[in-house]
Amino acid sequence: MMTFTDPKEWWLELSPVVEADVLHQSQQCNTFHSRHTAFLNGLCLRTVLEWLREDAPEIHPSFALAEFFSIWDVVNGAAVNVGSTRLVLIPSESIDNSELAVPQEWVDIPSWVGDYYLAVQVQVEQRWVRIWGYTTHEALKINARFDSSDRTYCLDSEQLTQDLNAFWVTYQLCGNPLVQAAVSPLPELPPAQAESLIQRLGNPAVMFPRLAIPFSLWGALLSQADWRRQLFQQRAGIESNPRSVTRLGEWLHGSFAATWQAIETVLSPQQSAIAWRNESTSESALFTVSRAKVLEFGTPAEVASVALVVRLAPTGESRVLVEIQVCPTGEQIVLPSPVQVKLLDASGGKIGQATATVTEMIQMQFEADAGEQFQVEVRSGTTCITENFEI
Amino acid sequence: MRPRQKLIDLFSAFVQFEGDRFHGWLVDVGLRRSMQRLLSALPQSTREATSTDETFWALYWHQHWMQEQEGHTPSIALGHLSAYLQEPCYWAADRTLRKLRDSQYQLSDCFQMAIADVRTVLKRFKPDRGANLKTFANIAFPGLLTERLRQQHEADLCTNLGLLRRVSKRRFVEALRQAGLSASAIAHYQLAWVCFNALYVPQQTGTKPLPQVNNHLWQATTTLYNTERRNQLDSAIPDCNPELMERWLNQCAGWVRTYLYPPLESLNVPKSGLESKEEWQDDLTDPLHESLLTQLINQEIEQERQVQQSQVREAIETALNSLDNPSQTLLRLYYQQGLTQQQIMEQLQMSQSTVSRRLTKARESLLMAFVKWSQEALHTSPTPDLIQDMSAALEEWLGVHYGVLNPDSSSETADKEIGQ
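Residues numbered from 1 in each chain as written. Chains lettered and ligands numbered in written order. Predicted model: local features only at pLDDT ≥ 70, side-chain atom pairs only at ≥ 80, totals over all residues. Heavy atoms only, no water.

Caption draft 1: Expanded view of the sheet that holds strand 10 (residues 245-247) of chain A. Residues and elements named next belong to chain A. Pairing within the open sheet is mixed, and its five strands lie in the order 10-18-17-14-15. In the strand order of this sheet, the two ends are held by strand 10 and strand 15 (350-356), each with one partner. Pairwise comparison of adjacent strand axes, ignoring direction, gives a mean angle of 20 degrees for this sheet. Note that strand 10 and strand 18 (residues 383-390) share three bridges and pair parallel. (Pairing = 2+ DSSP bridges. Helix = DSSP H or I, 4+ residues; strand = E, 2+ residues; numbered from the N terminus. Axes fitted to C-alpha atoms, helices over the stretch in contact; angles between N-to-C directions.)

As C-alpha cells, this is what we get:
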C-alpha cells in the first residue's frame, strides 16, 4: 500500500468506532445522497476535532453535532471554532486533489462564514482522512471562480496553500488576522414565506433543494436554526407535519391518498393469494377496505421493496379492526431479509413487534377507536420507514 | 546514469532509455542551436562569466518562461528547462521506485510520470528567495511523483463508473473538453454526472463495494436528470432515456480515465514531457531577451543575499538540534532515508497515525523555531505570506542537509553514506 506521508500535510486515521457511530447517525438524513454526505462530513468533523484537540483543547464544532445533520441533509461542509477563529472543512472523495469547491452557503451566509477553509480528502476504504491545503475567506471571494451550476466557489489546487505547517504556525503567531471579506447581509424572510418554502422544499423527491430557489431566499432560510430543523423534519416526514398522517377514517368513506393503492396494483395475483391464504374465508368478508403502499428500501441501484397492506373492518359505532401486513412485491416471493415491523402507539410506545428472516409475510391485528393514532415502523437493513395513522 | 557536464548539453539533451536502463543522452538540435546562438550573441566578458554557470542560465530561462503568455506551442524556455531538469527527474524516479515494494512500474514509466509535472515544479519555484532551481526540483519531483503514483493506484482500483465518483469537477470538465465536447454538451453531461453521483452511493457496511449497476439505476438517474434539466439548463434538447444515459456516463468514465490516468507505455524516445513532434517556438528576436540578461547579471553580483543565506542555514541547523531526539530521528528517516510511513512504523514500532502526527509536528516545531529566529535576528514580523515562504525555504534546507542532493555523484556511494 502506498501511503507516503508528507510532513506538510495532516494525515489522520479513521477510528472504526467513530466510523460506526457516524454511519449510524447519518441514517437520519433523508436521501441516499445526503446520508452519504452526512457520513463523510461526520467522519471529517470528528476526526479533525480529535486531531486539533491535542493542540487546542478549546476547539469545538461550530454548531451542535445534532444540528449538523440538518445541515448535511442539504449541503456539504462542516465547521469548527478554535477561539474566535472558524475553520470550515470541505470533505471530498475525489482522488485527484485538483480543486477546492466551497458551497456558497459557507461563504455568503453571514453567520456561517469562516476564516480559513481546509480541503479534506476522505478515503473511506483505506480508513484515512488527509488535509492537503487551505485558503482564506478573502482569497475565496477575490480569487475563486463562482460556479453557478452548483453554487460553489472554486479554487484550483495551485491557488491553495498546500502547507499545513504554515497554517498552524500562522494561526499561532498571527493572532486573528482579518481574513474575512465583507459579506452582504441576507434579506429578512417573512415567516409565512419561510413556511411556504419549507413546504415546497420539504418533499424529499426534490434532490437538490439548495438549487431550487434563489440563493437570497435559501441562505435566509438556512441561517435560522428553527427553519433549518423544520425543513429537515419535513423532508424526513416526521410527525410535526400533519400531512404525513394517513387518516384511515377517510378510507371508510372511499377517500384514499395516491400512495395507497388497490391491492391488485401492488401485489401480483400470486402474492395476493398468499396474503389471502392466511385468513379464513369467513373472516375475509369482514375487511371492507384494503389498501397497500410500497415502501422502498435498499439504494436506487439495489432496490428492495415491500408492500404495507392495511385492512379495515368496522366492528362497532366507532370501533375498527385493523390488520397490518408486510409482504413482498414485484417478482419476489419472500421478504428481503431481515425485516422487522413494530407497532407503536401515538407516543411511540411499543404495542406489537414481529421480526422475519425469511418468510412470506408479517401480519398483525388489533382493534382501535376513532381518533386513535398509531405508527407502523418497518425496518430492513439500515433503513427504517415509519408510517403514521389516525383512525 | 552518467550526468552531464557541459553547459549546452545541460539545456538541450534528454535522457534516453533502452529496455529499462539509462542508455544515453539525446540532444535536441533546436535547443542546442538556441543556446549556441545566445552564447555567441553575448559580449565576450559576459560569455566567459556565464558559460559554466548553469544557475545563471536556469534562472534566465525560468524568468523567461514566467513572463510568457500561455500558448499552445511549447516555448523554447520550457524546452531548455525540461532538458535541464532531466537529472532531478531521473533521481526522483529512481528513488521513488526503490520505495515501492511490489510495482508494475519500470524506471522509464516513473520517469515519464515525473517529467509530466515539470510545469508544476516551474510554477512553484520562487527565484527571488535566492533558491536554486535544481535543488528545488530535486526536492519537489519526488513528492509530485509519489502523489501521482498514489492517484494512479487508487484509480486502478476503481471500476469505470466508480471512477466517476472519485473525480473532481475540474478534471471532469477538463477531460470532456480534451475529448472535444462543446461547452453546452459538457453542461449536459455534467448534470447527468451530478445526478448519477447522487444516486450511485456506496453501501457503507464495512468495506462493501459499490452496488451493482442495473436498469433501475439508469432509470432513476434519467428521471432525476430530466427533472433537474428543466430547472437548470435550457430545455431545448429532448428528454434523456435510460439507454442513452448509460451510454453517456460510460463515455464520460472513459474520457476521464484516459485524461487523468493514461496507460503508460515504455517508449524509447526522448522524454521531454512534451509532444515530441512539436517544433520549438524560436524567439531570439524577443524583446525580453536583452533586459533579462542585464537584470540577471546584476543579480549575480549581489552579495547581501549570500550572507543572509548562510545565516538562515545556521539558524535552521540550531533549531533542528534543539528538537527532541525522537523528532530528529523521524525527520532524518523521512528526509534522509526517504522511508515511507510504513517503513518508519516498522522501524520505530509505532502506529501509522503516531508516525504521521509526530512527523508533522516535528516539521512544524522546526518551522516555528525558524520563524521566531527571523523575528528576533532579522526583525521581520511574521505574516502569513512570509511564513509560507519560510516553510518553502525550510523544505529546501532539509533536502540539502539530509544529503538528498548527492545524486550527481555515483548513486552507490551516496547510498552508502546515507544508509548508516
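More follows now that the structure is in view.
Caption draft 2: Structural detail: the interface of chain B and chain A. Counting residues at the interface gives 67 residues for chain B, matched by 63 residues for chain A. The tally of links from chain B across to chain A stands at 10 salt bridges. Joining chain B to chain A, the criterion identifies 28 residue pairs in polar contact (both at pLDDT 80 or more). Broken down by secondary-structure element, the contributors of at least two residues to the side of chain B that touches chain A are helix 9 (133-156), helix 11 (169-178), helix 12 (183-199), helix 13 (215-232), helix 17 (325-336), helix 18 (341-348), helix 19 (352-377) and helix 20 (384-401) of chain B. (Contact = heavy atoms within 4.5 Å. Salt bridge = Lys/Arg side-chain N within 4 Å of Asp/Glu carboxyl O. Polar contact = N/O pair within 3.5 Å; in protein donor to acceptor, adjacent residues only side chain to side chain.)

Caption draft 3: Helix 5 (residues 76-84) of chain B, seen in detail. The element helix 5 of chain B is extensively covered by neighbouring structure, given that nine of its nine residues are classed as buried. Of all the residues in helix 5 of chain B, the buried ones are B:Ile76, B:Ala77, B:Leu78, B:Gly79, B:His80, B:Leu81, B:Ser82, B:Ala83 and B:Tyr84. (Buried < 20%, exposed > 50% of the residue type's maximum accessible area, 1.4 Å probe, protein only.)

Caption draft 4: Spotlight on helix 13 of chain B. Residues and elements named next belong to chain B. The first and last C-alpha atoms of helix 13 sit 25 Å apart over 18 residues, in line with the 26 Å expected at 1.5 Å per residue. Along helix 13, the residues that are buried comprise Leu-217, Trp-218, Thr-221, Thr-222, Leu-224, Tyr-225, Asn-226, Glu-228 and Arg-229. Elements in contact with the buried residues of helix 13: helix 10 (160-164), helix 12 and helix 14 (242-260). The N-cap residue of helix 13 is Asn-214: its side-chain oxygen and the backbone nitrogen of His-216 are 3.1 Å apart. (Expected span 1.5 Å × (residues − 1).)

Caption draft 5: Seen up close, the packing of helix 17 of chain B against helix 19 of chain B. All names here are of chain B. Taken N-terminus to C-terminus, the directions of helix 17 and helix 19 make an angle of 100 degrees; their axes are 9 Å apart at the nearest point. One element, helix 17, and the other, helix 19, form an angle in the roughly perpendicular class. Every residue of helix 19 that contacts helix 17 at Ser-327, Leu-330, Leu-331, Tyr-334 and Tyr-335 is listed here: Val-355, Arg-358, Leu-359, Ala-362, Arg-363 and Leu-366. Of the residues in the contact of helix 17 with helix 19, the class split is eight nonpolar, one polar and two charged. (Parallel < 35°, antiparallel > 145°, perpendicular 65-115°, else oblique. Nonpolar A, V, L, I, M, F, W, Y, C, P; charged D, E, K, R; others polar.)

Caption draft 6: Spotlight on the environment of B:Phe11. Residue and element names in this part refer to chain B. Take Phe-11: it is sitting in the loop between helix 1 (7-10) and strand 1 (13-18). Under the relative-accessibility criterion, Phe-11 is labelled buried at 0%. Apart from the residues lying within four places of it in its own chain, the contact partners of Phe-11 are Leu-31, Met-35, Glu-54, Trp-57, Ala-58, Trp-61, His-80, Ala-83 and Tyr-84.

Caption draft 7: Fine view of the sheet that holds strand 9 (residues 152-156) of chain A. Strand order in the open sheet formed by three strands is 5-9-8 (chain A), and the pairing between neighbours is antiparallel. With one partner strand each, in any of the chains shown, strand 5 (99-103) and strand 8 (145-147) of chain A form the two edges of the open sheet. Across this sheet, the average inter-strand angle for adjacent strands is 30 degrees, counted without regard to direction. Strand direction decides the pairing type here: strand 5 of chain A and strand 9 of chain A, joined by five bridges, are antiparallel. Across the sheet, residue A:Val102 finds its bridge partner in strand 9 of chain A, namely A:Tyr153. The sheet strands contacting helix 11 of chain B are strand 5, strand 8 and strand 9 of chain A, and the helix crosses strand 9 of chain A at an angle near 75 degrees.

Functional significance is not addressed by these values, which are geometric in nature.
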